[in-house]
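The primary structure of each chain is shown beneath.
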Amino acid sequence: MRKPLIAGNWKLNKNITESESLARALVTDLADITETDIIIAPIFTALNRVAAIVDGSSIQLAAQNCYPQETGAFTGELSPTMLKDAGCGAIIIGHSERRQLMGETNEFINLKVHATLNSEMQVILCVGETLEERENEEMLEILTAQIKGGLVNVPAEKMQNLVVAYEPVWAIGTGKTASNEQAQEAHSFIRGLIQGLYSPETAEACRILYGGSVKPDNVDGLMAQADIDGALVGGASLKVEDFCRIVKFEKAGH
Ligand code: PEP
């Protein structure tokens, strides 16, 4: 059984004080959650202060990005180890906004995956097709390239520290969610890719999150799908009530 994981990507929102107060509210409201893993990813400058707030709570801290070098002449960048030092246990890698706005390639993303895993931190590897790619029936090809490209030379034993997030680009921040069936189809395909690269056991153990306008009113249906193990939440993760309701999604059959 895969433990559900709900992760909140705060993106470029909330200053340090606002991040602290959002984190405090979540720590209080989610104190008794043990059946679901919870991650929040504030802006870099708030990480260390938020780390002190979530310390000892049910919430883990993630960074939204990293650079795949430990130290050196890389102005403006942060290594996984430095982010670990600031209190992070995980890093979001390959978010579509970084692929699209910062031109990140699968090769570069693969370097970050290695650097993060080598620092013994958890990777949340984001993949997903654009609307144009879906309409051109290139979705499976794109997902294959992103999964295979992101996982080049990642050994099976490190896969236990890697979570995939399927985020169709056309559903991110648009209010359009993939239907339960569309999401399940993509997740099942991704699990099949991981099985092909590794083994049925590795694929079965790997958590695959859905991301793209996840809200309190659609989370239950998404989470009822066989291959959806959690959510990567953008906009709704900035609202205490919405994020808490998403974390406390209703399990199918209850
Ligand atoms: C995201 O940023 O990963 C995301 C899914 O955003 P939203 O929930 O706002 O669509």
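Residues numbered from 1 in each chain as written. Predicted model: local features only at pLDDT ≥ 70, side-chain atom pairs only at ≥ 80, totals over all residues. Heavy atoms only, no water.

Here we take up the overall build of the chain. When helices and strands are tallied, the chain shows 11 helices and 8 strands. For a compact globule of 254 residues, the expected C-alpha radius of gyration is about 18 Å, and the chain comes in at 17 Å, within 12% of that figure. Considering only C-alpha atoms, the chain reaches an extent of 50 × 45 × 35 Å along its principal axes. Taken across its 254 residues, the chain has 54% of its residues classed as buried. In the chain, once contacts between residues fewer than 6 apart in sequence are set aside, the share between residues at least 24 apart is 72%. For the chain, the separation between the mean place of its 21 positive charges and that of its 34 negative charges on side chains is 4 Å. (Helix = DSSP H or I, 4+ residues; strand = E, 2+ residues; numbered from the N terminus. Rg over C-alpha atoms; globule rule 2.2 N^0.38 Å. Buried < 20%, exposed > 50% of the residue type's maximum accessible area, 1.4 Å probe, protein only. Contact = heavy atoms within 4.5 Å. Lys, Arg positive; Asp, Glu negative; His and termini not counted. Charge placed at Lys NZ, Arg CZ, Asp CG, Glu CD.)

Attention now goes to the packing of aromatic side chains. Across all of its chains, the model carries 3 aromatic pairs by this definition. Where Tyr67 meets Phe74, the ring centres are 5.0 Å apart and the plane angle is 40°; that geometry is what we call tilted. Phe74 gets classed as partly exposed once you look at its relative accessible area, which sits at 30%. Chaining the aromatic ring pairs together yields one cluster made of Tyr67, Phe74 and Phe108. Note that Lys251 overlies the ring of Phe249, its terminal NZ or CZ placed 4.8 Å from the centroid. (Phe/Tyr/Trp six-rings, centres within 6.5 Å; stacked < 30°, edge-to-face > 60°. Lys NZ or Arg CZ within 6 Å of the ring centre and 35° of its normal.)

Checked against the element boundaries, Gly221 lands in helix α10 (residues 219-223). Note on Gly221: relative accessible area 25%, which makes it partly exposed.

Another point: helix α11 (residues 240-247). The complete set of buried residues in α11 reads Phe243, Cys244, Ile246 and Val247. Viewed along the axis of α11, the buried residues span an arc of 160°, placing them on a single side of the element. Against the buried residues of α11 lie β1 (5-9), α1 (16-29), β2 (37-41), α10 and β8 (230-233). (Arc of directions from axis to C-beta.)

Our next topic: the site of the ligand. Lining the immediate environment of the ligand, one finds 14 residues, of which Lys11, Glu167, Gly173, Ser213 and Gly234 sit closest. Separating an oxygen atom of the ligand from a backbone N or O atom of Ser213 is a distance of 2.8 Å. Within the backbone of Gly235, a nitrogen or oxygen atom sits 2.8 Å from an oxygen atom of the ligand. Notes on the ligand: free accessible area 290 Å², of which the protein chains cover 97%. (Near = heavy atom within 4 Å. Polar contact = N/O pair within 3.5 Å; in protein donor to acceptor, adjacent residues only side chain to side chain. Areas by Shrake-Rupley, 256 points an atom, 1.4 Å probe, with all protein chains shown as cover.)

The alternating pattern of strand β7 (residues 208-211) places Ile208 and Tyr210 and Leu209 and Gly211 on opposite faces, both of which are buried. Strand direction decides the pairing type here: strand β6 (residues 162-166) and β7, joined by 3 bridges, are parallel. Paired with Tyr166 across the bridge in β7 is Tyr210. Pairing of β7 with β8 involves 2 bridges; the strand directions are parallel. In the sheet register, Tyr210 faces β8, and the bridge partner there is Ala231. (Pairing = 2+ DSSP bridges.)

For the rest of this paragraph, the subject is the confidence of the model for the chain. Scored by pLDDT, the chain has a mean of 97; 99% of the residues are at 70 or more. Across the chain, the secondary-structure element scoring lowest on mean pLDDT is helix α6 (residues 131-135), at 93, and the one scoring highest is β2, at 99. (pLDDT = per-residue confidence, 0-100.)

The next thing to look at is helix α2 (residues 47-54). Three or more residues of α2 are buried, namely Leu47, Val50, Ala51, Ile53 and Val54. Projected down its long axis, α2 shows its buried positions confined to an angular sector of 160°, all on one face. Turned more than 90 degrees off the buried face of α2, the exposed positions are Asn48 and Ala52. Contacts made by the buried residues of α2 are with α1, β2, β3 (59-63) and α3 (80-85). Two residues or fewer past α2, Gly56 is found with a positive phi of approximately 80°.

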